[in-house]
Each structure stands twice: as C-alpha cells, then as structure tokens.
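# Report on the structure
Letter by letter, the chains look like this.
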Amino acid sequence: MKQLLAVALGVLTAIGGFLDIGDLVTSSVVGSRFGMALVWVIVLGVIGICVFAQMSGRVAAISGRATFEIIRERLGARMAVANLGASFLINLLTLTAEVGGVALALQLASSIEPTLWVPVAAFAVWLVIWRVKFSIMENVTGLLGLSLIVFAVAVFLLHPDWASLTGQAMSPSVPATETGATYWYYAIALFGSAMTPYEVFFFSSGGVEEKWTKKDLGQSRVNVLVGFPLGGILSIAIAACATIVLLPQGIQVTSLSQVALPVSEAGGKLAVAFVIVGMVAATFGATLETTLSSGYTIAQFFGWSWGKFRRPIKAARFHLVMILCLLFAIGVLATGADPVMITEYSVVFSAIALPLTYLPILLVANDKQYMGDEVNGRATNAVALAFLVIIVVASLAAIPLMIITGAGA
Amino acid sequence: MILSDLLTRPVIDAHGHSLGRVLDVRFVIDGAPGQLLAEARLAGLIISPRAATSFLGYERTDEKSPWLIASYLRWRHRGSFFVRWEDVDRLTSTRIVLARSYRKRSAALPD
C-alpha cells in the first residue's frame, strides 16, 4: 500500500511538474494560430523526453552519479565544455523565462505589475532552495501544478466539434493564414519546449539527491513513462482550448491572460482560480528546477560538491551559482523585457542546443563501465538514434527558419 | 609539460614524414604509491592520421553500442595507432618527432 502511494505520488508529481512556462505559452500560441495541426509534435516531443529522461534516470540510479559528472569524466573536457556551454546558457534563458512566468501568473491573481513581482518571486525561489527539503519541494509544486487539469476539463465544457478537432490533429495541414515556414518554425519551438534540456539534468541530479539505487529503477520508469505522457495530454488540452476559443476570434497570445481566457469562458471564476494556482505552481516549480539545474551543471562540471542533500555551507559554490543566476534573471526582467517573448526564444534556442545535450547522455548510458548490465537495450538505442536525427535536423533548421519567418511573426 | 602541449600536436617520423596528430595520451598507474592510487606514468601517445578529435571512448573494443555511433567513430579514426613514450625522440616547439626505431602499436584497448 505504502509502495503504491509512493508510485502514485511520483506519477502525480511528474504530471504536475511536466508543464512549465514554455509548454503553457507555446501550446497556446500554436493552438491559437495553427489549431490542432501541430499536436503530433507534442506527441513526438513527449516520446523523446521519455526516452532520454528514463535513460538519464537510469544512469543516476545505477552509477549513483549525475549525468553531467560522468559526461565530464567519460567524454573529456572539450566535449563537456560544449555540452556545458549550450546547456547552461539555454538553462539560464529558460530560468529567466520561468521567473517571468511566475510574475505573470501572480499578476493574474493580483493585478500588480509583473516587474514588481519578479524580485519577490526570485527571493521566494531562493528561500525554498536554501531551506526546503528536496522531496517536499518537488511534491508540493508538482501536486499543486495538477490544478492545470482544469484545461482538460475546459475542453469538455466548451462542447467543441470533436470531429473537427481530431480531424485537424490526425491530418494536419497548414492553415491558409500561415506559411509553411512559420508552421515548421513553431513545430521546432513546440519540440524544444517538450524536450527542454534542463528536465534531463534535473531528473538525473534529482535521482542522486533522492539517493536512488537499482531498486528505484522501476519507480523512476513509471514516473516518466506514465507521468510525462499524461503531462503531454495537458499540453494538448491547452492547445485545444486555444483552438476552440482563440483561433476563431483571431486572438493573439501575448500574455498568460490569453492562455487562461478559454478556461474562464468555459468555467468562470472558479476555473480561473484553478488555472492561476496551477500556473503559479507550474512556473514556480520549473523555476526551482531550472535554478537547481544551473547549479548542478556548473558544479558537476567543475567537480564541486553539490546537492540539496548537503547543508548549504558544505556546497557553498553550488549555492552561489544559483544565487547569481537568479540575480541575472532579475536583472534581465528588470529591463522590462517581455517574459512571453523570452519564453518563445528560449524554447527555440533549446531546440538548437538539443544535440549537444542528448548525444552525451546516449553515449554514457551505453558505457558498461558505468552501467554494467543496465546499459541501453537495442530498442532504446534505435529509438534514441532516430530521435538524435530529428534533433539534429530541428537544430540545424531552427536558425534559418527564425530568420525567414522573423521569429514566427 | 602539460597535456595541452601534446594534444593535437603534429607528429613526424625521423625522416620528416607526417604521421598525423596526437589524439590522446595513455597513462599506466604503476608509479610510486600515492594516497589513493599509485602515481600515473605516461605510457605513450595515440596518433591519428585523420582527425584530432576524441575517440569518445570507442577505442575500447568491447564498447560497440550504439552501433551507428561506434562504427562511425572507429571509421573516422581508422589508421590510428599507439606509440610508446620511449619511441618519442624529441619535442620541438611545433612538432613531435619520433625515434628512427619507433613501432606502430594497436590503439585498441581490449576488454
């Protein structure tokens, strides 16, 4: 019974923790412009993140070490610097977007300007990282993030034309108002938002924080293979809400209030309350994860002691990196930069950096010296290699498409 | 001398023919006993006639997967060989010169 509860908790946390500002904004933007025609990308991205997250979770559980430490040791400094540079910079951009997301979500609740919320949000994040236990931090934000299920409920309350929705999703075509280039640009953005690199680093470092062993492999697999797809369904629900309400009225998504608009039409104030709680939890949870990831990647690369399981004084440089990254995010947002814009760029740049993040993980997960009998099977390798091809193509196509489309305008 | 003095450095034989670049160096741990391990001793250089980028660990012959990546890296580094440190005659400021009697040995690391 206790074990069942633990599994359920893990899955629920994974669902609630799956969505972040990138998924909220990108799914909604895509739904409002392309309807359901890009839903296949969400499905593809979720499969991809499942493959690589369970791989990095397995590396952590078997070797007892985080992916990044092994990358540095196994692939050498040059490869690790490329990996670190790409991952860290993207992560910093994502972190900034998430802090901005928390501020936007709090603005929905309070009508106080987001720029004023930014320092408060960043301070709260720091406090949680400094004081709160890892498992509590994960479970609380994950479970509260489940409020976003209200998007799925809203789809039903809006009584959509189901045949048309599924038709758009099953036989996708570029709407007359858009060009092929914008279609593929947003496909890459959506792919990047599902496969954001920090999730993988966070997942493997989290495994070390929670002291996973071979025994926990089953649980970690279930978390990923059940939790992430269900989280992906919420992502699809957000796109569907936008398709039903925003697309016909030609409403552009420029802030979180438009993301929430279909839900308020469907369920009124109560539903909006759920959305706000869910959005605050999801973005706050993702801010914690990206902040920790910035500390993890740097500390693991340089071989510093790291982890929330150590007292801050025992991992001082790890905590210092995180404080500096939060200050950076505050600084960028203080210039009045639009968090939604930052988010849109962060998901595309994520897509560009993906090969540098995922290739090393694949190599490490195949190394018998670290993994023993738990190296990747043939099927996993085949799927992972297929994804690497997709990842490389998306990465190469992203910048030309960004230029051609004027960043999707 | 530090590692960067050796890595990617062009290598020539005693007659001045180019042999490639230093791709990696190999150590054996058989020196004086240290606190944790014995001290490492430089055993020799891995020289690649083609690319001076890393083998990414696929010089170990029992590492075969993912097959596509393993075979690509082996193909890319075909013709790589190992020379003992004793076979190195001298280091100039730009090049590494091997002794007249040097022998090419296999770069593979068997299981």
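### Structural notes on the overall build of chain B
Counting its regular elements, chain B contains two helices and seven strands. Starting at the N terminus, the α and β elements of chain B follow one another as α-β-β-β-α-β-β-β-β. Across its three principal directions, the C-alpha atoms of chain B cover 40 × 40 × 25 Å. Every one of the 111 residues in chain B was classed for burial, and the buried ones make up 21%. Residue pairs at least 24 apart in sequence account for 51% of intrachain contacts in chain B once pairs closer than 6 positions are excluded.

### A short note on the confidence of the model for chain B
On average, residues of chain B score 88 in pLDDT, and 99% of them reach the 70 mark or higher. Both confidence scores are given for the complex: pTM 0.90, ipTM 0.80.

### Quick look at the pairing of strand E5 (residues 88-91) of chain B
The two faces of the sheet receive side chains in turn, since in a regular strand these alternate between them. Pairing between E5 of chain B and strand E6 (residues 96-98) of chain B: three bridges, direction antiparallel. In the sheet register, Val 88 of chain B faces E6 of chain B, and the bridge partner there is Leu 98 of chain B.

### Here's the deal with the sheet that holds strand E7 (residues 105-106) of chain B
Strand pairing in a sheet takes place through backbone hydrogen bonds and is either antiparallel or parallel in direction. All names here are of chain B. One open sheet holds the seven strands; their spatial order is E5-E6-E1-E2-E3-E4-E7, and the pairing between them is mixed. Lying at the two open borders of the sheet, with one neighbouring strand each, are E5 and E7. As judged from the three bridges shared by strand E1 (residues 10-12) and strand E2 (residues 18-33), these two strands associate in the antiparallel manner. Along E2, the bridge assignment pairs Pro 10 with Arg 21.

### Quick look at helix H9 (residues 180-194) of chain A
Residues and elements named next belong to chain A. Taking 1.5 Å of rise per residue, the 15 residues of H9 would be expected to cover 21 Å, and the 21 Å separating its terminal C-alpha atoms lies within 8% of that figure. The element H9 is extensively covered by neighbouring structure, given that 12 of its 15 residues are classed as buried. Of all the positions in H9, only Thr 182, Tyr 183, Tyr 185, Tyr 186, Ala 187, Ile 188, Ala 189, Leu 190, Phe 191, Gly 192, Ser 193 and Ala 194 are classed as buried. Packed against the buried residues of H9 are helix H2 (21-34), helix H3 (39-63), helix H14 (339-365) and helix H16 (378-405).

### Focus: unusual backbone geometry
With an omega dihedral of -10 degrees, the bond running from Ser 65 of chain B to Pro 66 of chain B counts as a cis peptide bond. Following the sequence through the fold, Pro 66 of chain B ends up in the loop between strand E3 (38-48) and helix H2 (67-76). Phi is positive for Ser 111 of chain A, close to 60 degrees, though the residue is something other than glycine. Counting through the fold element by element, Ser 111 of chain A comes out in the loop between helix H4 (67-110) and helix H5 (114-131). Using a count of 7 C-beta atoms within 10 Å as the deciding quantity, one classes Ser 111 of chain A as exposed. Despite not being glycine, Ala 407 of chain A shows a phi value in the positive range, around 55 degrees. Note that Ala 407 of chain A resides in the segment after H16. Judged by local crowding, Ala 407 of chain A falls into the partly exposed class, with 15 C-beta atoms found within 10 Å.

### Thoughts on the interface of chain A and chain B
Facing 14 residues of chain A, the contacting portion of chain B comprises eight residues. Looking at the side of chain A that touches chain B, the elements that each hand over two or more residues are H4, H14 and H16 of chain A. Take the side of chain A that touches chain B: its biggest share by element is five residues, from H4 of chain A. Counted by class, the side of chain A that touches chain B contains six nonpolar, four polar and four charged residues.

### Observations concerning the environment of Gly 307 of chain A
All names here are of chain A. Among the secondary structure elements, Gly 307 is positioned in the loop between helix H12 (256-302) and helix H13 (316-334). When the C-alpha atoms of Gly 307 and Pro 262 are compared, they prove to be 40 Å apart, with 45 residues separating the residues in sequence. Once you skip the residues sitting within four places of it in the chain, Gly 307 turns out to touch Val 208, Glu 209 and Ala 315.

Definitions and cut-offs
- Residues numbered from 1 in each chain as written.
- Chains lettered and ligands numbered in written order.
- Predicted model: local features only at pLDDT ≥ 70, side-chain atom pairs only at ≥ 80, totals over all residues.
- Helix = DSSP H or I, 4+ residues; strand = E, 2+ residues; numbered from the N terminus.
- Buried ≥ 20, exposed ≤ 12 C-beta atoms within 10 Å, placed from the backbone.
- Contact = placed C-beta atoms within 7 Å.
- pLDDT = per-residue confidence, 0-100.
- Pairing = 2+ DSSP bridges.
- Expected span 1.5 Å × (residues − 1).
- Nonpolar A, V, L, I, M, F, W, Y, C, P; charged D, E, K, R; others polar.

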